[in-house]
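Remarks on the overall topology
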Amino acid sequence: GSVWFSSEMKALSDDCERFISFPPGHLYSSKAGGLRRWYNPPWFSESIPSTPYDPVLIRESFEKAVIKRLMTDVPFGVLLSGGLDSSLVASVVSRHLAEAKVARQWGNQLHTFCIGLKGSPDLKAAKEVADYLGTVHHELHFTVQEGIDALEEVIYHIETYDVTTIRASTPMFLMSRKIKSLGVKMVLSGEGSDEIFGGYLYFHKAPNKKELHEETCRKIKALHLYDCLRANKATSAWGLEARVPFLDKSFINVAMDLDPECKMIRRDLGRIEKWVLRNAFDDEEKPYLPKHILYRQKEQFSDGVGYSWIDGLKDHANAHVSDSMMTNASFVYPDNTPTTKEAYYYRTVFEKFYPKNAARLTVPGGPSVACSTAKAVEWDTAWSKLLDPSGRAALGVHDAAYKEKAPASVDPAVDDVSCSPAHDVKRLKTAVSAAAV
């Protein structure tokens, strides 16, 4: 039978008998008769590096990675959540843009975009960063119901039933639609930093530098199944291109060659998650970001858009999946059996679009806490009792863990754009066009 290669299941015909999902960095070798890895960087072996921490090298390598991705002849912007990673991307772009040729062509004011429920943590932080950098900021709002209404379309495009990927992909999908409607065709985003530097909150429980380094290697190797899958397909569904400077190969080599001891979270030394990156951009003379933004606690995108988003998804799933359905879940879905009603609901939608076994086997499974791999769940026995990919499952670490209340509402920002398709975006199109003159 024929062997098909495709980045999307939708590209395969219904009668295709065999589907191979390419892992990243591989090619098919007819001589070897199988897949052969061509991308073989030093960190891939997961051996423990020992290079001393050099903040200047980290900063300069990242700036080069960002600037390299500004080669474009179309209107572009930055996805700005107000977290460390996207804020650093926006800051570097903003500094470079005034002197660049592309700035003279499209205008020297950077356009930034953020989405969230009204009053969400990301909206407040993103507006503050945008004001600090002087960008043309577009704040996009969506409601829990609008997100729920888009779920089937989202799952169709991103081709997964992974819970945390769907939670985060939905607001990104809605945001991409609005961005494309404004005439913007390329955006820079901050994916990859948490995997490289151990930025997820569960890394607080890493027992030693060996375990931390091996976990970061596992996370990077699986990016094509999670964050990169989301960033690629949630944007490309609307013809929008996403570029991710943190995943520049040269920058990854520099960051992954560091002695992982410097990535260890040491509260006694004042080191929070991603301290090596924060410290590299902590410039007192010419600050890249406000200090409290530079040291803002990690907030996963699906949490940062508004804590009630995940709560609303769980309520929606509870209304559609009964207890008896969960009791029989292992018989209905013997592979990657869903363990929650939310996961069961996503699985039913996925199977409607992609019913074949080859498709469902492309989606990873296993327990996870705050986006951890199954291996890292072993780091804390208490966390293993709360297997939820939300950052709020990091009990004792997240400032707004599940036992805490969601933050209060914030003042509305400059551009309040509903994610309803019927909303008028003419005024923002005008703003983008004016800046491009």
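Residues numbered from 1 in each chain as written. Predicted model: local features only at pLDDT ≥ 70, side-chain atom pairs only at ≥ 80, totals over all residues. Heavy atoms only, no water.

Re the pairing of strand β7 (residues 136-141)
Among the six residues in β7, six count as buried, and that is most of the element. Residue alternation in β7 divides its side chains into two sets, Val-136, His-138 and Leu-140 and His-137, Glu-139 and His-141, and both sets are buried. Taken together, the six bridges between strand β6 (residues 111-116) and β7 define a ladder with parallel strand orientation. The residue of β7 that forms the bridge with Cys-114 is Glu-139. After leaving β6, the chain enters helix α4 (residues 121-133) and then returns to the sheet as β7, a path that is right-handed. (Buried < 20%, exposed > 50% of the residue type's maximum accessible area, 1.4 Å probe, protein only. Helix = DSSP H or I, 4+ residues; strand = E, 2+ residues; numbered from the N terminus. Pairing = 2+ DSSP bridges. Right-handed = clockwise from strand over helix to strand, strands pointing away.)

What to know about unusual backbone geometry
Phi at Lys-274 takes a positive value of approximately 60°, unusual for a residue other than glycine. Here Lys-274 lies in the loop between α11 (249-256) and α12 (275-280). The backbone of Asn-336 shows a phi angle near 50°, a positive value even though the residue is not glycine.

Considerations on the nonpolar core
Core analysis: the largest hydrophobic core is formed by 51 residues, its most contacted members being Phe-62, Val-93, Ile-196, Phe-251 and Phe-281. Examining the composition of this core, we find that seven residues originate from one element, helix α2 (residues 84-97), more than from any other. Beyond its immediate stretch of four places on either side in the chain, Ile-196 contacts Thr-216, Ile-220, Phe-246, Leu-247, Phe-251, Ile-252, Ala-255, Met-256 and Lys-263. In terms of nonpolar packing, the next biggest core, distinct from the first, is built from 43 residues, Phe-113, Ile-158, Trp-309 and Ala-317 among them. (Core = buried A, V, L, I, M, F, W, Y, C linked by side-chain atoms within 4.5 Å. Contact = heavy atoms within 4.5 Å.)

A short note on the pattern of salt bridges
For the coordinates displayed, the defined rule picks out 26 salt bridges. Note that Arg-278 is salt-bridged to Glu-273, the shortest N-O span being 3.7 Å. For the pair formed by Arg-278 and Glu-273, the shared burial category is buried. Lys-291 is the salt-bridge partner of Asp-282, the closest N and O atoms lying 2.7 Å from each other. Classification of Asp-282 by relative accessible area gives partly exposed; the value is 24%. In the salt-bridge network here, residues are joined through shared partners; they are Lys-68, Arg-69 and Asp-248. (Salt bridge = Lys/Arg side-chain N within 4 Å of Asp/Glu carboxyl O.)

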